[in-house]
Amino acid sequence: MKLNSIGLDTKQSRALGKELNILLANFQRYYMNLRGIHWNIKGKRFFDLHLKFEELYNDANIKVDEVAERVLTLGEVPLHTFEDYIKNAKVPLGKNVTVDEEAIRLIVDSLTELLKIERRILQASADANDEGTNSMMSDFITEQEKTVWMMKAWLTEEI
């Protein structure tokens, strides 16, 4: 087994970099969805939701940067073109979303997809003894599970 300069198996690091790039593409789509609903939301809940969506897209923007930097730390190149994001994203595409319930549903569905990817990376990073990636995924998962719970409560749906 060949180790890289941060003490991880190079083969496993390469594989994790690829998985993190998939996460990056999905986070970019999620971020753009949040920007769109922030700009386009209408209705009586506008003021509350407009602020909440801004909070969420600012957080997503930070996470995009963290994921890209982790890809680089593992020795890979982060995806950085819209073409790559479109090709690799499974998060649903939100376009012209103006209704509050539709916007919240888009967030829940997007986070559900991100959580699937993050859990896959969490397992792979544990197997690779990659504490840096593992810790990042664990933190993301904890935060996003809470957001899903809150959004589902807003929708008056069970987890």
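The structure under discussion appears in the preceding block.
Conventions and cut-offs
- Residues numbered from 1 in each chain as written.
- Predicted model: local features only at pLDDT ≥ 70, side-chain atom pairs only at ≥ 80, totals over all residues.
- Heavy atoms only, no water.
- Phe/Tyr/Trp six-rings, centres within 6.5 Å; stacked < 30°, edge-to-face > 60°.
- Helix = DSSP H or I, 4+ residues; strand = E, 2+ residues; numbered from the N terminus.
- Buried < 20%, exposed > 50% of the residue type's maximum accessible area, 1.4 Å probe, protein only.
- Axes fitted to C-alpha atoms, helices over the stretch in contact; angles between N-to-C directions.
- Parallel < 35°, antiparallel > 145°, perpendicular 65-115°, else oblique.
- Left-handed = near helix turned anticlockwise from the far one by under 90°.
- Contact = heavy atoms within 4.5 Å.
- Nonpolar A, V, L, I, M, F, W, Y, C, P; charged D, E, K, R; others polar.
- Core = buried A, V, L, I, M, F, W, Y, C linked by side-chain atoms within 4.5 Å.
- Patch = residues over 30% accessible without salt bridge, like charges linked within 9 Å, V, L, I, M, F, W, Y side chains within 5 Å.
- Areas by Shrake-Rupley, 256 points an atom, 1.4 Å probe, with all protein chains shown as cover.
- Salt bridge = Lys/Arg side-chain N within 4 Å of Asp/Glu carboxyl O.
- Lys, Arg positive; Asp, Glu negative; His and termini not counted.
- Charge placed at Lys NZ, Arg CZ, Asp CG, Glu CD.
- Polar contact = N/O pair within 3.5 Å; in protein donor to acceptor, adjacent residues only side chain to side chain.

Colleague: Looking at this structure, how should I read the packing of aromatic side chains?
Modeller: What describes a pair of aromatic rings is the distance from one ring centre to the other and the angle between the planes of the rings. A complete count under the given rule lists 5 aromatic pairs for this structure. Measuring from centroid to centroid gives 6.0 Å for Y31 and Y57, while their planes differ by 85 degrees, and the two rings are edge-to-face. A residue pair is termed long-range when its members are at least 10 positions apart, and Y31 in helix α1 (residues 10–40) and Y57 in helix α2 (residues 46–73) qualify at 26 residues. With a relative accessible area of 13%, Y31 lands in the buried category.

Colleague: Just to check I follow, could you spell out the packing of α2 against helix α5 (residues 131–154) for this structure?
Modeller: When two helices pack together, their arrangement is given by the angle between the helix axes and by the axis-to-axis distance. Packing of α2 against α5 leaves a shortest axis separation of 12 Å and a crossing angle of 165 degrees. As judged from the angle between their axes, α2 and α5 are roughly antiparallel. Seen from above, α2 lies across α5 with left-handed handedness. Along its contact with α2, which presents L49, K52, L56, D59, K63, E66, V67 and R70, the element α5 presents G132, T133, M136, F140, E143, Q144, T147, M151 and W154. Grouping the amino acids of the contact of α2 with α5 by side-chain chemistry returns 7 nonpolar, 4 polar and 6 charged.

Colleague: Whenever I open this one, the nonpolar core confuses me. Can you help?
Modeller: A general trend in soluble globular proteins is that nonpolar side chains are found buried together. By size, the foremost hydrophobic cluster in this structure holds 44 residues, and its most contacted members are L23, Y30, F53 and I107. Contributions of two or more residues to this core are made by α1, α2, α4 (100–127) and α5. With residues up to four places along the chain from it excluded, the contact list for L23 reads V67, L114, I117, E118, I121 and M137.

Colleague: Is there a simple way to think about a nonpolar patch on the surface in this case?
Modeller: Where nonpolar side chains cluster on the molecular surface, the patch consists of W149, M150 and I159 and spans about 360 Å² of accessible area. Checked against the element boundaries, I159 lands in the segment after α5.

Colleague: Looking at this model, I keep getting lost on a negative patch on the surface. Mind explaining?
Modeller: Where like charges cluster on the molecular surface, the negative patch consists of D65, E66, E69 and D139. Structurally, the position occupied by E69 is in helix α2.

Colleague: Which parts of the structure should I look at to understand a positive patch on the surface?
Modeller: Taken together, K2, K11, R14 and K18 make up a surface patch of like positive charges. Tracing the backbone through its elements, the reader meets K18 in helix α1. Residue class for K18 comes out exposed when judged on its relative accessible area of 53%.

Colleague: Help me out: how do you make sense of the side chain of D9 in this one?
Modeller: By secondary structure assignment, the location of D9 is in the segment before α1. Within the buried core, D9 has no salt-bridge partner, and the shortest N-O distance to an opposite charge, that of K11, equals 7.1 Å. Polar side-chain contacts of D9 include one of 3.0 Å to the backbone nitrogen of K11. Residues in contact with D9, not counting those within four places in the same chain, are M1, K2 and L3.

Colleague: In this structure, what is going on with the environment of A15? I would like to understand it.
Modeller: Mapping A15 onto the fold places it in helix α1. By relative accessible area, A15 is classed as partly exposed at 42%. Sequence separation between A15 and E54 is 39 residues; the distance between their C-alpha atoms is 33 Å.

Colleague: Quick question: what am I supposed to make of the pattern of salt bridges here?
Modeller: Under the counting rule described, the total for this entry stands at 11 salt bridges. Linking D100 and R45 is a salt bridge whose minimum nitrogen-to-oxygen distance equals 2.4 Å. You can see D100 sitting in helix α4 and its partner R45 sitting in the loop between α1 and α2, a full 55 residues away along the chain. Looking at R45, the relative accessible area reads 40%, which means it is partly exposed.

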